[in-house]
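# Coordinate analysis (summary)
Chain by chain, the residues:
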Amino acid sequence: MRNRSNEINGRIFFLPALIITLIFYIYPLLKTVIYSFYFTGNSGELIEFAGLENFIELFSDSDFYYSLFVTFKFVFYTTIFSIVVALFLAIICNEKLKGIPIFRTFFSSTMGISVSAASTIVLFMFHPSVGIINTLLTKVGILPINWFTDSRYTLMAVIISTVWMNIGFGFIVLTAGLQNISTEVEESCMIDGAGYFSKLFKITLPLISPSLFYLLITTTLKSFQSFGQIDIMTGGGPANSTNILVYSLYRSAFVDYRFDYASVKGVILLLIITIVMYIKSVSYTHLRAHETCADL
């Protein structure tokens, strides 16, 4: 009787999470898939079954392929630099030095800044005439750059700002991973006479590889879903240079009122993210298996 009561209580506590998942995740996903196979009106009503015509239109659109190229470029550079910078800062702040708690607070502070506030700050920093970035470039003899009107530099500016926004979360994750390394391991390395970089690459990084993999997955997902900073800073321009797939999806739905076309882009984006996550998971599993065999 008691086990039965515990089972009922467990289901009751599980019910709110299940309802939220069904309403805000499963239902929109199913709705998007359905819309992708229909023609829709300006208000989103289903008009006629389209079959694969929306998909054919998408894969015949040259703007889609350019958007896809910009998306992968943005995700690649954002993910790599976010992890590298966060790792560098976490390693520095893991040293036993005076004043380190102040720097830890400073480096993790970006987690407390909203995307809209951070984007506004970046707009002032990259302002062509009064921004601090161009002021510093002028002092070293480089001509001022029109960061948000010149398509050669706009994506770079968005990548830099996104990396800055991601640093706080990555710094906390990697700092936690570094602090979980046993002091006995470090003492053994010192007794064996291992150098700093030898310990870093052969001991420290392999031990925090689960934290690095978790950060790789979360940063990649965040990069694919980046929207706020692009909407505020560039609006996808100039010349579609920052029109990544998720922003292109938004413009198709809420600017052009092509909800069917936007749904197709959503389905393709979901498939791309799923494939990328699967490849990374398989690669990490094989890497860990190889390291385990090497240890044996």
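Please read all numbers here as calculations on a predicted model, not as lab measurements. (Residues numbered from 1 in each chain as written. Predicted model: local features only at pLDDT ≥ 70, side-chain atom pairs only at ≥ 80, totals over all residues. Heavy atoms only, no water.)

### Side note on the layout of surface pockets
- For the largest pocket, the calculated volume is near 670 Å³.
- Taken together, 23 residues line the largest pocket, and the ones lying closest to its centre are Pro 28, Leu 29, Thr 32, Leu 249 and Gly 266.
- Every element with two or more residues in the lining of the largest pocket is listed here: helix H1 (2-36), helix H12 (245-254) and helix H13 (259-295).
- A per-class count over the lining of the largest pocket returns 17 nonpolar, five polar and one charged. (1 Å grid on protein atoms, 1.4 Å probe; cavity = no way out; pocket = protein on both sides within 12 Å on 5 of 7 lines; lining within 4 Å. Points joined across faces, edges and corners; volume = space filled by probe spheres on them. Helix = DSSP H or I, 4+ residues; strand = E, 2+ residues; numbered from the N terminus. Nonpolar A, V, L, I, M, F, W, Y, C, P; charged D, E, K, R; others polar.)

### Re empty space enclosed by the protein
- Inspection of the entire model under this criterion finds one cavity of 30 Å³ or more.
- Taken as a whole, the largest cavity encloses approximately 40 Å³ of empty space.
- Taken together, Ser 82, Ile 83, Ala 86, Asn 166, Phe 169, Gly 170, Leu 215, Thr 219 and Lys 222 make up the full set of residues lining the largest cavity.
- Listed by contribution, the elements that provide at least two residues to the lining of the largest cavity are helix H3 (62-93), helix H7 (154-179) and helix H10 (209-224).

### So, the environment of Tyr 261
- Looking at where Tyr 261 falls in the secondary structure, it is placed in helix H13.
- For the pair Tyr 261 and Tyr 284, spaced 23 residues apart in sequence, the C-alpha to C-alpha distance is 35 Å.
- Sequence-distant contacts of Tyr 261, that is, excluding residues within four places in its chain, are made with Asn 54, Glu 57, Leu 58, Asp 61 and Ser 252. (Contact = heavy atoms within 4.5 Å.)

### Focus: the packing of helix H9 (residues 196-207) against H10
- Two numbers describe how H9 lies on H10: the axes approach to 4 Å, and their chain directions differ by 60 degrees. Relative to H10, the element H9 is oriented oblique. Counted together, Leu 205, Pro 206 and Leu 207 of H9 and Ser 209, Pro 210 and Leu 212 of H10 form the full contact between these two elements. (Axes fitted to C-alpha atoms, helices over the stretch in contact; angles between N-to-C directions. Parallel < 35°, antiparallel > 145°, perpendicular 65-115°, else oblique.)

### Description of the pattern of salt bridges
- Counting across every chain of the model gives three salt bridges.
- The closest approach of N and O atoms between Glu 57 and Arg 258, which form a salt bridge, is 3.2 Å. Taken together, the positions of Glu 57 in helix H2 (residues 53-59) and Arg 258 in the loop between H12 and H13 put the pair 201 residues apart, joining distant regions of the chain.
- The exposure class assigned to Arg 258 is partly exposed, which follows from its relative accessible area of 28%.
- Asp 150 is paired through a salt bridge with Arg 152; the nearest N and O atoms lie 2.8 Å apart.
- Given the relative accessible area of 18%, Asp 150 is considered buried.
- If you follow the salt bridges from partner to partner, you end up with Glu 57, Arg 258 and Asp 260 in one network. (Salt bridge = Lys/Arg side-chain N within 4 Å of Asp/Glu carboxyl O. Buried < 20%, exposed > 50% of the residue type's maximum accessible area, 1.4 Å probe, protein only.)

### Considerations on H3
- With 32 residues, H3 extends 47 Å between its outermost C-alpha atoms, agreeing within 8% with the 46 Å of an ideal straight helix rising 1.5 Å per residue.
- For H3, the capping residue at the N-terminal end is Asp 61, with a side-chain oxygen 3.0 Å from the backbone nitrogen of Asp 63. (Expected span 1.5 Å × (residues − 1). Polar contact = N/O pair within 3.5 Å; in protein donor to acceptor, adjacent residues only side chain to side chain.)

### A look at the packing of aromatic side chains
- Using the criterion set out here, one finds 21 aromatic pairs in the structure.
- Residues Phe 72 and Phe 224 carry aromatic rings whose centres are separated by 6.2 Å and whose planes lie at 85 degrees to one another, so their mutual orientation is edge-to-face. Here Phe 72, found in helix H3, pairs with Phe 224, found in helix H10; they are 152 residues apart in sequence, far enough to count as distant.
- Note on Phe 76 and Tyr 77: the rings are 5.3 Å apart at their centroids and 80 degrees apart in plane angle, and the pair reads as edge-to-face.
- Counting every residue linked through ring pairs, the aromatic cluster contains Phe 227, Tyr 247, Tyr 250, Phe 254, Tyr 257 and Phe 259. (Phe/Tyr/Trp six-rings, centres within 6.5 Å; stacked < 30°, edge-to-face > 60°.)

### Observations regarding the pairing of strand S2 (residues 46-49)
- In the sheet, strand S1 (residues 38-40) pairs with S2 via three bridges, with the strands oriented antiparallel. When the bridges of S2 are listed, Tyr 38 appears paired with Phe 49.
- The hairpin formed by S1 and S2 contains five residues between the paired strands, and Gly 44 there has a positive phi angle of roughly 95 degrees. (Pairing = 2+ DSSP bridges.)

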